[in-house]
Amino acid sequence: MKQIAPSILSADFAHLEQQVDLINRSEADLLHVDVMDGVFVPNISFGFPVMQVLHQYSTKPLDVHLMIVHPERYVERFCDAGAWSVGFHLEAVDDPLPILQLIRDKGVRTCLTINPDIDPQRLLPYLDKVDMVLLMSVFAGFGGQKFIPETIDKIRFIHREIQQRNLPTLLEVDGGVNTTNASTLFEAGADILVAGNAVFHAPNPLTVIQQMKQ
């Protein structure tokens, strides 16, 4: 499975409707929505009003990535705002299981995320309890960072665990993804690649998405 999820964080917000329409017309599979609170990460992005606009105009499922503290306070509202999936950071919570259940009770797909400095072994107890896991290949909080090469070994490790257990869990990778490394990441075991600047800052975003999927 090769899926591309352009990150709306890199879009031109002065022309948000046109940018969403661009993704609607593309071969992208999802629209990735990065939510930052200025606490868990040092930047602030957007919240429910923008989420509702994206839900109104996007024909692609909304893949929501919460880079926030206390995600348990907000996951249900993001589900209600139109999320197809809601993910949060393992390192931001004491126990992810009750929060995953809140999302699941809303009929929305669950995702658990870790930053590059978190041992991927910490995900292992939850691989059979989530629909997706997201490995950050840059540190959450900023767009336009360079891909961290060590992530490839982590992708292989998690992919191997998923295969050995015969789980349907999807593996997503986010950060520094582009046409140069996309094929390598898919070969390592990624199912979904999140791409921001590589898509929205390209002369022809539709072609870039197509090239990444090949």
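Here goes a summary of the coordinates provided. Model, not experiment: these values are computed from the prediction. (Residues numbered from 1 in each chain as written. Predicted model: local features only at pLDDT ≥ 70, side-chain atom pairs only at ≥ 80, totals over all residues. Heavy atoms only, no water.)

### Here we look at the packing of aromatic side chains
Here's step 1: Evaluation of the coordinates by the stated rule reveals two aromatic pairs.
Here's step 2: Relative to Phe 46, the ring of Phe 13 has its centre 5.6 Å away and its plane inclined at 35 degrees; by these criteria the two rings are tilted. Taken together, the positions of Phe 13 in the loop between strand S1 (3–6) and helix H1 (16–24) and Phe 46 in the loop between strand S2 (31–36) and helix H2 (48–57) put the pair 33 residues apart, joining distant regions of the chain.
Here's step 3: Note on Phe 46: relative accessible area 11%, which makes it buried. (Phe/Tyr/Trp six-rings, centres within 6.5 Å; stacked < 30°, edge-to-face > 60°. Helix = DSSP H or I, 4+ residues; strand = E, 2+ residues; numbered from the N terminus. Buried < 20%, exposed > 50% of the residue type's maximum accessible area, 1.4 Å probe, protein only.)

### Here's the deal with the sheet that holds strand S3 (residues 62–67)
Here's step 1: Taken in spatial order, the eight strands line up as S1-S8-S7-S6-S5-S4-S3-S2 in an open sheet, and their pairing is parallel. Both edges of this open sheet fall to S1 and S2, since each of them pairs with a single strand only. Across the sheet, the mean angle from the axis of one strand to that of its neighbour is 25 degrees, orientation sign disregarded.
Here's step 2: Pairing between S1 and strand S8 (residues 192–195): four bridges, direction parallel. What sits directly across from Gln 3, in S8, is Ile 192.
Here's step 3: Against the sheet, helix H4 (residues 97–105) makes contact with strand S4 (85–89) and strand S5 (109–114), and its axis sits at roughly 150 degrees relative to S5, the strand it touches most. (Pairing = 2+ DSSP bridges. Axes fitted to C-alpha atoms, helices over the stretch in contact; angles between N-to-C directions. Contact = heavy atoms within 4.5 Å.)

### Things to note about the pattern of salt bridges
Here's step 1: Taken as a whole, this structure holds six salt bridges when the rule is applied.
Here's step 2: Here Asp 80 and Lys 106 are joined by a salt bridge, their closest N and O atoms 3.0 Å apart. One end of the pair, Asp 80, is in helix H3 (residues 75–80); the other, Lys 106, is in the loop between H4 and S5, with 26 residues separating them in the sequence.
Here's step 3: For Asp 80, a relative accessible area of 55% translates into the label exposed.
Here's step 4: A relative accessible area of 37% places Lys 106 in the partly exposed class.
Here's step 5: Across the salt bridge formed by Lys 129 and Asp 128, the nearest N and O atoms sit 3.2 Å from each other. (Salt bridge = Lys/Arg side-chain N within 4 Å of Asp/Glu carboxyl O.)

### As for unusual backbone geometry
Here's step 1: With a phi angle near 50 degrees, His 70 is a residue other than glycine that sits in the positive phi range.
Here's step 2: Note on placement: His 70 falls in the loop between S3 and H3.
Here's step 3: A positive phi angle is found at Asn 166, which is not glycine, with a value near 55 degrees.
Here's step 4: Along the polypeptide, Asn 166 turns up in the loop between helix H5 (151–164) and strand S7 (170–174).
Here's step 5: Exposure remark for Asn 166: the relative accessible area of 70% places this residue in the exposed category.

### Examining the pairing of S8
Here's step 1: Residues Ile 192 and Val 194 of S8 are buried on one face, and the alternating residues Leu 193 and Ala 195, pointing to the opposite face, are buried as well.
Here's step 2: Following the backbone out of S7, through helix H6 (residues 182–188) and into the adjacent parallel S8, one traces a crossover that is right-handed. (Right-handed = clockwise from strand over helix to strand, strands pointing away.)

### As for the nonpolar core
Here's step 1: Counting 63 residues, the largest nonpolar core has Ile 8, Val 64, Leu 66, Val 86, Ile 158 and Leu 193 as its most contacted members.
Here's step 2: At five residues, H5 tops the list of elements feeding residues into this core.
Here's step 3: The next biggest cluster of nonpolar side chains, apart from the first, holds 14 residues, and it includes Ala 5, Met 67, Ala 140 and Val 194. (Core = buried A, V, L, I, M, F, W, Y, C linked by side-chain atoms within 4.5 Å.)

These results come straight from atomic positions and should not be treated as a statement about function.
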